[in-house]
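Reading the structure
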Amino acid sequence: MDAVPGRIAPEATGSSHDHIYCQPCAEDGKRILPDAFCTVCKEFLCSTCARVHRNMKLTKSHVLQDKSSMPSSFHAESEDETFTEICQFHANEFIKYYCPNHEALLCGESVVDYEKHRSCKVKKISQLAKHYKEGAEYKSLKTGIVQMVSDIENYLSFIQASMKSVEEESLTNINELRKFKHEIIQLLDKRENELLEEIDRKKRESETLLNEMKANCLDMKTATEKLKAELQAKELNNNQLFVSGTRAIKELVGLQSSLDDIRRRGKVPHSKFSRDPATGQLLYSNTAIGRVDQVASDLADQQKQPQRPGESTSAVGQQGRQQQKEQQPRQLETMQQQQKHMQGVSQKAHFSSRADLSQAKFSRQPDISVKTSGDSRVCLLTNMTLLTRNSLILVDYNNCSLKLVDTKNNKLVSQVKLPGQPWDLCLLPGDMAAVTLPSKRKILFVSTQGNVTLQDVVKVDGECRGIDFCDDNLIVSFTNPPKVVLMNMKGKVKKSADKDSSGKLLYSCPFYLTVTRESQTHPVIFVSNRFTNTITKLSISLEVLQSYQDPTLEYPRDLAAIGDNQLLVCGEGSNNILLLETLTGKITQLLGIEAPYSVAYCSPRKMLFVTCYAYDRPDLDNFVKVFNLV
């Protein structure tokens, strides 16, 4: 047994008092007989040390026994054997005390030596540790560790999804680049190689960042699991558990801070290949083929911030989300009931019916400006639909908005922001509309009664683009992968078509579609194929019926039905608005206009509306072009 200061091994003769000395003096090598015993410190004291003990602020409340009542000998408490943590400042002392004021673990020497603890109410760990395991603090610590492991796992899942996204977008960029390359001459090969290198470099940069984030997260996960294991190993010893738990709290705070730092720094840069529209005319342009632009990181924005230990979800927020969840099925059911009263196709062509434009001539009218102070970019108006004879609803892809335009007074009257970049829109019964959100892979339902308001969302399995409504169903085109899908109003796929019987793709970038009834027969679908310069005609069961093509049509965009047998087609690459007579297949040019994207015709007012887009051309991009039928 180790020697206790102030005590020597017993001899064969003599009283036990003869072999006990003042313990503080014994540490200085002095042997002075004790006159008192401190029942708190468990130490024998000489008269001088006893006087100091009574006068020190830290020990003045201790009870001292005199010679007549003090023990004849003293054995160290058995609990001394349970203290195993050595003081970092006093190598020969065990940690036995805790200072709540400074959150410090101390040995007896530290309590006496350091002035900052002399005014504190230092407590014995043996007393504090008795109920520590059952206490709220230790339970909260264990909960925090479990939450930390969950947070790390969630973020690792996010990183894995980001890595997959980087790989997929890299392949998409390369495919887009090579498709466009085949449309131009071999002199652009050099520029192609430069862009491929840039894509690869951006991919490597993103992967490097993600791998670094992954490594950091794995390190933190290991540290957290180690912390958890250490605590579990010491649960049999309350004193050790208290010491380890106190340290673990600080380590957990540090790990949380590290994870927050990774989140702040971990926005993965994404890139997107953007085509240069001038390449078709200027083969030797300095920006031939296009660019690889960095775009916003959707995955990072979607990554949900895990709830931290101690945080609680707002009851009001929970109630609001629950109400919204309960309302969604009812809203869809109401929508479907309203659709039962409507036979045939969407109201997309309602205001353009009963018109024959085969001999039409148009005169230019003043443009309508639709750029707002809240728009961060030039407008990209990918769709335009007549809401009434005096109002248009515009889809602004670049600014994530729907915009309502008064065509009678030529002014923008309202704008609503959407949770993603919208592409196409179709009207539904009951003052509703459906909007595609390609990058989000969702279809958003909105109310068009009064001000436009957001309603339900349906998830789909690809980048949805064109959309129309027919007989209680949605017909949707996708560009990634290229296909046309017939689905119900809840997004359940009824039929999908992407390849013919030989396995060849049916569509090439089908950005838009529309549904009509030819001569009051069964509904038919028309799909624009941008890269093959064709319009494909489908039955409502998605069978290919016919394909239309003409040298005057390049890069077809939006389609607008005029009556049952005529179709307006935007030729973005051919810079014109064409009229397709669907029964004969005849295609004629109605209007020459630069880079048209979307078109709408109002038969009652005999007015044609066109939106255009050329890269960084505000004079073209931010306006609706207006024409009157002559």
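See the structure shown above.
Notes on the structure in this doc start here. (Residues numbered from 1 in each chain as written. Predicted model: local features only at pLDDT ≥ 70, side-chain atom pairs only at ≥ 80, totals over all residues. Heavy atoms only, no water.)

**What to know about the overall build of the protein chain**
Quick note on the threshold: Where helices and strands are cited, they refer to DSSP runs of H or I of at least four residues and of E of at least two residues respectively, numbered from the N terminus. Buried, partly exposed and exposed residues are distinguished by accessible area as a fraction of the type maximum, computed with a 1.4 Å probe on protein chains only: under 20%, between the cut-offs, and over 50%, respectively. In short, Shrake-Rupley with a 1.4 Å probe defines the accessible areas, and a residue's cover is counted only from the protein chains shown.
Within the protein chain one finds ten helices and 32 strands. Out of the 630 residues belonging to the protein chain, those deemed buried represent 46%. Accessible surface computed for the protein chain: about 31800 Å², of which carbon and sulfur atoms make up 49%.

**Examining the pairing of strand 18 (residues 464-470)**
Each regular strand shows side chains that alternate between the opposite faces of the sheet. Heads up, the rule is: When DSSP finds two or more bridges between two strands, those strands count as paired.
Summarising burial for strand 18: seven of the seven residues are buried, a large majority. Where strand 18 meets strand 19 (residues 473-479), five bridges bridge the pair, whose relative direction is antiparallel. By the bridge assignment, Asp468 is partnered in strand 19 with Ile475. Hairpin remark: strand 18 followed by strand 19, antiparallel, with two residues in the connecting loop; positive phi at Asp471, about 50°.

**Quick notes on the nonpolar core**
Short version of the rule: Within this scheme, the nonpolar core is defined by two criteria: the residues are buried Ala, Val, Leu, Ile, Met, Phe, Trp, Tyr or Cys, and they are joined through side-chain atoms within 4.5 Å. Any two residues whose heavy atoms approach within 4.5 Å are treated as being in contact.
In this structure, Ile125, Leu141, Met213 and Cys217 are the most contacted members of the largest nonpolar core, which totals 34 residues. Looking at this core, the elements with two or more residues in it are helix 5 (136-181), helix 6 (189-233) and helix 7 (238-265). The leading source of residues in this core is helix 5, at ten residues. With near-sequence residues (within four places) excluded, Cys217 lies in contact with Ile152, Tyr155, Leu156, Ile159, Leu259 and Ile262. Among the nonpolar cores identified, the runner-up in size contains 20 residues, and Leu357, Leu579, Leu590 and Ala614 belong to it.

**Quick notes on the pattern of salt bridges**
This is how it is decided: Only one rule defines a salt bridge in this text: a Lys or Arg side-chain nitrogen within 4 Å of an Asp or Glu carboxyl oxygen.
Across all of its chains, the model carries 19 salt bridges by this definition. Where Glu463 meets Arg465, a salt bridge forms, and the shortest distance between an N and an O atom there is 4.0 Å. According to the relative accessible area criterion, Glu463 is partly exposed, its value standing at 22%. The salt bridge partner of Arg530 is Glu572, with a shortest N-O separation of 3.1 Å. With Arg530 in the loop between strand 23 (523-529) and strand 24 (534-539) and Glu572 in the loop between strand 27 (566-571) and strand 28 (576-581), this pair connects stretches of sequence that are 42 residues apart. By the burial criterion, Arg530 is buried, and Glu572 matches it. Salt bridges sharing common partners tie together Glu85, Lys234 and Arg247.

**Some details on the packing of aromatic side chains**
Basically, it comes down to this: Here a Phe, Tyr or Trp ring, Trp counted by its six-membered ring, pairs with any other such ring whose centre lies within 6.5 Å, and the pair is stacked when the planes are under 30 degrees apart, edge-to-face when over 60, and tilted otherwise. Think of it as a cone above the ring: NZ of Lys or CZ of Arg counts as a charge over the ring if it is within 6 Å of the ring centre and within 35 degrees of the ring normal.
Under the counting rule described, the total for this entry stands at eleven aromatic pairs. With centroids separated by 5.0 Å and ring planes inclined at 50°, the aromatic side chains of Tyr155 and Phe158 adopt a geometry described as tilted. Taken together, the residues Tyr155 and Phe158, both in helix 5 and three residues apart, mark about one turn of the helix. Of the two residues, Tyr155 and Phe158, both sit in the buried class. Ring centres of Phe362 and Tyr601 lie 6.5 Å apart, and the angle between their planes is 80°; on these two criteria the pair is classed as edge-to-face. Placement of Phe362 in strand 9 (residues 362-369) and of Tyr601 in strand 30 (residues 596-602) is noted, with a sequence separation of 239 residues between them. For Phe362, a relative accessible area of 14% puts it in the buried group. Among the aromatic residues, those joined into a cluster by ring pairs are Tyr98, Tyr132, Tyr138 and Phe242. We note Arg465 situated over the ring of Trp423; from NZ or CZ to the ring centre the distance is 4.5 Å.

**Regarding the sheet that holds strand 9**
Stated formally: Comment: axis = line fitted to C-alpha atoms, over the contacting stretch for helices; angle = value between 0 and 180 degrees taken between N-to-C directions.
Spatial ordering of the open sheet is given by 9-32-31-30, a layout of four strands whose pairing is antiparallel. The open sheet has two edge strands with one neighbour each: strand 9 and strand 30. Adjacent strand axes in the sheet meet at a mean angle of 25° when their direction is disregarded. Two elements, strand 9 and strand 32 (residues 623-629), share six bridges in a ladder whose sense is antiparallel. Its bridge partner being in strand 32, Ser363 is matched across the sheet by Asn628.

**Comments concerning the pairing of strand 30**
Judged by how many residues are buried, strand 30 sits mostly within the fold: seven of seven residues are covered. The pairing of strand 30 with strand 31 (residues 607-612) spans six bridges and is antiparallel. Bridge assignment links Pro596 to a residue of strand 31, and that residue is Cys612. Between strand 30 and the antiparallel strand that follows it, strand 31, lie four residues; Lys606 among them carries a positive phi value of about 55°.

**Re the packing of helix 5 against helix 6**
Inclusion rule: Oblique is the label for any angle not covered by the other classes, which are roughly parallel (under 35 degrees), roughly antiparallel (over 145) and roughly perpendicular (65 to 115). In the scheme used here, Gly and all other residues not listed as nonpolar or charged are polar, with Ala, Val, Leu, Ile, Met, Phe, Trp, Tyr, Cys and Pro taken as nonpolar and Asp, Glu, Lys and Arg as charged.
It is at 10 Å that the axes of helix 5 and helix 6 come closest, and there the two elements cross at 170°. What the angle tells us is that helix 5 and helix 6 run roughly antiparallel. For the contact of helix 5 with helix 6, a count of residues per class yields 24 nonpolar, seven polar and eleven charged.

**Describing the packing of helix 5 against helix 7**
For any two helices packed against each other, one specifies the crossing angle of their axes together with the interaxial distance. Put simply, the rule is: The sense of a crossing depends on the near helix, which, turned anticlockwise from the far helix by less than a right angle, makes the crossing left-handed and, turned clockwise, makes it right-handed.
Two numbers describe how helix 5 lies on helix 7: the axes approach to 10 Å, and their chain directions differ by 30°. By the angle between their axes, helix 5 is roughly parallel relative to helix 7. Crossing handedness for the pair helix 5 and helix 7: left-handed. The segment helix 5 lies against helix 7, with Glu137, Tyr138, Leu141, Gly144, Ile145, Met148, Asp151, Ile152 and Tyr155 engaging Leu241, Gly245, Ala248, Ile249, Leu252, Leu255, Gln256, Leu259, Ile262 and Arg263. Here the contact of helix 5 with helix 7 is composed, by residue class, of 13 nonpolar, three polar and three charged.

**Brief notes about helix 2 (residues 47-55)**
Stated formally: Here the arc refers to the set of directions running from the helix axis out to each C-beta atom.
Of all the residues in helix 2, the buried ones are Cys49, Ala50 and His53. Each buried residue of helix 2 sits inside an arc of 100° when the element is viewed along its axis, so together they form one side. Elements in contact with the buried residues of helix 2: helix 1 (23-26), strand 1 (36-38), strand 2 (43-45) and strand 3 (64-66).

**Focus: unusual backbone geometry**
Phi is mostly negative for residues that are not glycine, and the peptide bonds are mostly trans. Here the bond from Asn480 into Pro481 is cis, since omega is 0°, no more than 30 degrees from zero. By the secondary structure assignment, Pro481 is in the loop between strand 19 and strand 20 (482-487). Positive phi values are uncommon outside glycine, yet Leu542 reaches one of about 70°. A relative accessible area of 5% means that Leu542 is categorised as buried. For Ala595, which is not glycine, the phi torsion reads 45° and is therefore positive.

**Focus on the environment of Val292**
One can find Val292 in strand 8 (residues 290-295). Remark: the alpha-carbon pair of Val292 and Ser274, spanning 18 residues in sequence, is separated by 6.1 Å. Residue contacts for Val292: discarding those within four places in its chain leaves Leu195, Glu198, Ile199, Lys202, Ser271, Lys272 and Phe273.

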